[in-house]
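Geometric and topological summary
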Amino acid sequence: MRNLSIATLFVILALTAWTQQAQAPVEITSEPSHHLVLENMFVRVFAVSVDPGKSSLMHRHGHDYLSVSLGDAQIMNTKQGAQPVAASFKDGDVRFTPAGLVHAVANSGTTPFRNRTIELMQPTTNAKACTEACSIPIPCDSADKATCATVVKLFTADQWSVTMVTLPAGARYPQHTHLANFLNVPLTDADVTLKNQDQPETVVHSRTGEQTWNNPVVHTVTNSGKSTAKVVVLEFRGRPAGEGSESLGPQSKETPKPHDHN
């Protein structure tokens, strides 16, 4: 019975892929699986969700984009004019795709395919994944290094960088500076305490996938919860606060904290 179910699923996905190929591509803003949640002069962020056995429409990506996976998933990726190709994603995977992709995504797994698709509104140059010396040293006094904060560089470009910040329960990310605007995409629910320079501490609860847009800041971050906090940070280079830092479009249900680096 299980083999029959799997075979049936793949027949459905194959028929769906064939149907998508025959359809004219839609713009990403008209694709029902992509929900616009944030927009400014730097980024357009879409919450993407495709249930098992379902497929997106064939759609067009007119900008370079980064995707941040929320959970493990298996898909069939069908580029316009090509055969479907299987692809797997792990929770927290970050991938960069140049502008011009036209494709449809069918969920061939048993869990929802979820991500944040972050369109980069300005052209990207020299984008590359980090492959060596990717760990950024973070001061930590604990003898047990497993309890220390870690920051790992994932991607760099001339215009931005992407890091993964991991804070075990009780860990502290000492005072550090964000020189430009940055976007946080939490991979976990977490409770953190923020100490911005010359301001009182603020306790923040972040939820998985609920991105926040932030202005430049100097701050300290402490995981005040009982579980590990993980967040993907997309940081832009060189533009001061007030020049494009204000959100112009839909946000998550809660009002973002202006300096939420958790």
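Going by the structure above, here's the rest.
Residues numbered from 1 in each chain as written. Predicted model: local features only at pLDDT ≥ 70, side-chain atom pairs only at ≥ 80, totals over all residues. Heavy atoms only, no water.

1. Description of the sheet that holds strand 15 (residues 172–178)
Threshold: For two strands to pair, DSSP has to find at least two bridges joining them. Secondary structure follows DSSP: runs of H or I at least 4 residues long count as helices, runs of E at least 2 residues long count as strands, and numbering of each begins at the N terminus. Here the axes come from fitting lines to C-alpha atoms, over the contacting stretch only for helices, and the angles between their N-to-C directions go from 0 to 180 degrees.
The sheet built from four strands is open, its strands ordered 15-20-17-18 with antiparallel pairing. Where the open sheet ends on each side, the last strands, each with one partner, are strand 15 and strand 18 (201–206). In this sheet, neighbouring strand axes are inclined to one another by 30 degrees on average, regardless of whether the strands run parallel or antiparallel. With five bridges connecting them, strand 15 and strand 20 (residues 217–223) associate as antiparallel partners. Across the sheet, His178 pairs through a bridge with Val217, a residue of strand 20.

2. Structural notes on empty space enclosed by the protein
To keep things clear, this is the line we draw: The distinction between a cavity and a pocket rests on a 1 Å grid over the protein atoms alone: a 1.4 Å probe fits inside a cavity but cannot get out, while a pocket stays open yet meets protein on both sides within 12 Å along at least five of seven lines, and a residue with an atom within 4 Å of a point counts as lining. Grid points are joined across faces, edges and corners, and a volume is the space filled by probe spheres set on the points. Gly counts as polar in this scheme, as do all residues outside two lists: the nonpolar Ala, Val, Leu, Ile, Met, Phe, Trp, Tyr, Cys and Pro, and the charged Asp, Glu, Lys and Arg.
Tallied over the entire structure, the rule returns two cavities of 30 Å³ or more. Its volume calculated, the second largest cavity comes out at about 40 Å³. Lining of the second largest cavity is provided by Leu66, Val68, Val94, Ile118, Val162, Leu183, Val185, Val232 and Leu234. Secondary-structure elements contributing two or more residues to the lining of the second largest cavity are strand 5 (65–69), strand 16 (182–186) and strand 21 (229–236). Along the lines of polarity and charge, the residues of the lining of the second largest cavity split into nine nonpolar, no polar and no charged.

3. Section: the environment of His219
Our working definition: Relative accessibility decides the category of a residue: with a 1.4 Å probe and only protein chains considered, values under 20% of the type maximum give buried, values over 50% give exposed, and everything between is partly exposed. Counting of polar contacts relies on pairs of N or O atoms within 3.5 Å, with two restrictions inside protein: one atom must be capable of donating a hydrogen and the other of accepting it, and residues adjacent in sequence are counted only when both atoms are side-chain atoms.
The residue His219 is located in strand 20 in this model. Classification of His219 by relative accessible area gives buried; the value is 0%. Linking His219 and His176, residues 43 residues apart in sequence, is a C-alpha distance of 5.7 Å. In terms of polar contacts, His219 uses its side chain to reach the side chain of His178, at 3.4 Å.

4. Observations regarding the environment of Ser142
Formally: For this analysis, residues touch if any pair of their heavy atoms sits within 4.5 Å.
Among the structural elements, Ser142 can be located in the loop between strand 12 (135–136) and strand 13 (150–156). Assessed through its relative accessible area of 26%, Ser142 is described here as partly exposed. Along the chain, Ser142 and Ala171 lie 29 residues apart, while their C-alpha atoms are 9.4 Å from each other. Dropping the residues within four chain positions of it, Ser142 is found in contact with Thr147 and Cys148. Within polar-contact distance, the side chain of Ser142 engages the backbone nitrogen of Asp144 at 3.1 Å. Separated by 2.9 Å, the side chains of Ser142 and Thr147 make a polar contact.

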